Amino acid sequence: MTRQRFLVLIASGGSAALLLGALGFQYLGGLAPCPLCILQRWPHLAAVLIGALALWLGGRLLPLLGALAALTTAGIGLFHAGVELKWWEGLQSCSSGSIAGLSAADLLDPSKDIAAVVRCDAIAWQMFGLSMAGWNMVISLGLTLIWLAAARRA
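Bear in mind the structure is a predicted one, so any value in this text is a computation, not a measurement.

Caption draft 1: Up close: unusual backbone geometry. Here Lys 86, not a glycine, exhibits a phi torsion of approximately 65 degrees, which is positive. Looking at where Lys 86 falls in the secondary structure, it is placed in the loop between α3 (61-84) and α4 (92-95). Using a relative accessible area of 55% as the deciding quantity, one classes Lys 86 as exposed. For Phe 128, which is not glycine, the phi torsion reads 55 degrees and is therefore positive. Take Phe 128: it is sitting in the loop between β1 (126-127) and β2 (130-131).

Caption draft 2: Highlighting the packing of aromatic side chains. Summed over the entire model, instances satisfying the criterion amount to two aromatic pairs. Ring geometry for Trp 87 versus Trp 88: centroids 5.8 Å apart, planes at 70 degrees, classification edge-to-face. A network of ring pairs unites the aromatic residues Phe 79, Trp 87 and Trp 88 as a single cluster.

Caption draft 3: Quick peek at helix α1 (residues 3-27). The first and last C-alpha atoms of α1 sit 36 Å apart over 25 residues, in line with the 36 Å expected at 1.5 Å per residue. Restricting attention to buried positions, one finds in α1 the residues Gln 4, Leu 7, Val 8, Ala 11, Ser 12, Gly 14, Ser 15, Leu 19 and Gln 26. Looking at the buried positions of α1, the neighbouring elements they touch are α2 (35-57), α3 and α6 (132-153).

Caption draft 4: Layout of a nonpolar patch on the surface. Residues Ile 38, Leu 39, Trp 42, Leu 45 and Leu 49 make up a contiguous nonpolar surface patch of roughly 480 Å² in combined accessible area. Relative to the helices and strands, Leu 49 resides in helix α2. What makes Leu 49 exposed here is its relative accessible area of 53%.

Caption draft 5: Molecular detail of the nonpolar core. In this structure, Val 8 and Trp 147 are the most contacted members of the largest nonpolar core, which totals 13 residues. Within the residue set of this core, elements represented by two or more residues are α1, α2, α3 and α6. The biggest single contributor to this core is α3, with four residues. Setting aside anything within four residues of it in sequence, one finds Trp 147 in contact with Val 8, Ala 11, Ser 12, Ala 47, Ile 50, Gly 51, Leu 62, Pro 63, Gly 66, Ala 67 and Ala 70. Residues Ile 76, Val 83, Cys 94 and Cys 120 belong to the second largest nonpolar core, which totals six residues.

Caption draft 6: Broad picture of the packing of α2 against α6. Two numbers describe how α2 lies on α6: the axes approach to 12 Å, and their chain directions differ by 25 degrees. One element, α2, and the other, α6, form an angle in the roughly parallel class. In this structure, the crossing between α2 and α6 has a hand that is left-handed. Across from Gln 40, His 44, Ala 47, Ile 50 and Gly 51 in α2, the residues of α6 making contact are Ala 133, Asn 136, Ser 140, Leu 143 and Trp 147.

Caption draft 7: Local environment of the environment of Val 8. Tracing the chain through its elements places Val 8 in helix α1. The class for Val 8 is buried, based on a relative accessible area of 2%. C-alpha separation for the pair Val 8 and Pro 63, spaced 55 residues apart in sequence, amounts to 7.0 Å. In this view, Val 8 contacts Gly 13, Gly 51, Ala 54, Leu 55, Pro 63, Trp 147 and Ala 150; residues no more than four positions away in its chain are not counted.

Caption draft 8: Region of the structure containing the layout of surface pockets. Of the pockets and cavities examined, the largest pocket occupies roughly 560 Å³. Taken together, 29 residues form the lining of the largest pocket, with Ala 22, Phe 25, Cys 37, Met 132 and Ala 133 sitting closest to its centre. Per-element accounting of the lining of the largest pocket gives the leading share, seven residues, to α1. Each residue belonging to the lining of the largest pocket can be placed in one class, and the counts come to 20 nonpolar, six polar and three charged.

What counts as what
- Residues numbered from 1 in each chain as written.
- Predicted model: local features only at pLDDT ≥ 70, side-chain atom pairs only at ≥ 80, totals over all residues.
- Heavy atoms only, no water.
- Helix = DSSP H or I, 4+ residues; strand = E, 2+ residues; numbered from the N terminus.
- Buried < 20%, exposed > 50% of the residue type's maximum accessible area, 1.4 Å probe, protein only.
- Phe/Tyr/Trp six-rings, centres within 6.5 Å; stacked < 30°, edge-to-face > 60°.
- Expected span 1.5 Å × (residues − 1).
- Contact = heavy atoms within 4.5 Å.
- Patch = residues over 30% accessible without salt bridge, like charges linked within 9 Å, V, L, I, M, F, W, Y side chains within 5 Å.
- Areas by Shrake-Rupley, 256 points an atom, 1.4 Å probe, with all protein chains shown as cover.
- Salt bridge = Lys/Arg side-chain N within 4 Å of Asp/Glu carboxyl O.
- Core = buried A, V, L, I, M, F, W, Y, C linked by side-chain atoms within 4.5 Å.
- Axes fitted to C-alpha atoms, helices over the stretch in contact; angles between N-to-C directions.
- Parallel < 35°, antiparallel > 145°, perpendicular 65-115°, else oblique.
- Left-handed = near helix turned anticlockwise from the far one by under 90°.
- 1 Å grid on protein atoms, 1.4 Å probe; cavity = no way out; pocket = protein on both sides within 12 Å on 5 of 7 lines; lining within 4 Å.
- Points joined across faces, edges and corners; volume = space filled by probe spheres on them.
- Nonpolar A, V, L, I, M, F, W, Y, C, P; charged D, E, K, R; others polar.

The following block contains the structure:
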């Protein structure tokens, strides 16, 4: 295995591990994701798919695209962490607690199951002072560096 393929495997495997961790927190830990949490998952999925292609095709372009995907999720993680820390305002769709689109009959009907809005500005879990969004940012920046090293090896 070449050094580039090894780096691609580590970088795309890191994104896969972060995705599995997020799904574990959601389905095993019972922590429902907010819209920004979901948004952070898509670039990781792209990085995993890019990694599979890069392992198959090689070259410099795909690791650069993997780096862009990792940097994108790091940027979303930074934005999300800033929303959680009240540094700036978040998206209206996940910080307002809106019940828009629900009828009065739905709200008053006890047989209706209306899910609570998962707020982006509330920290659901943290370790060593960093929330999941903060950890996603830090780890994704590391993955970006690994992707760039893989691109340099091409």
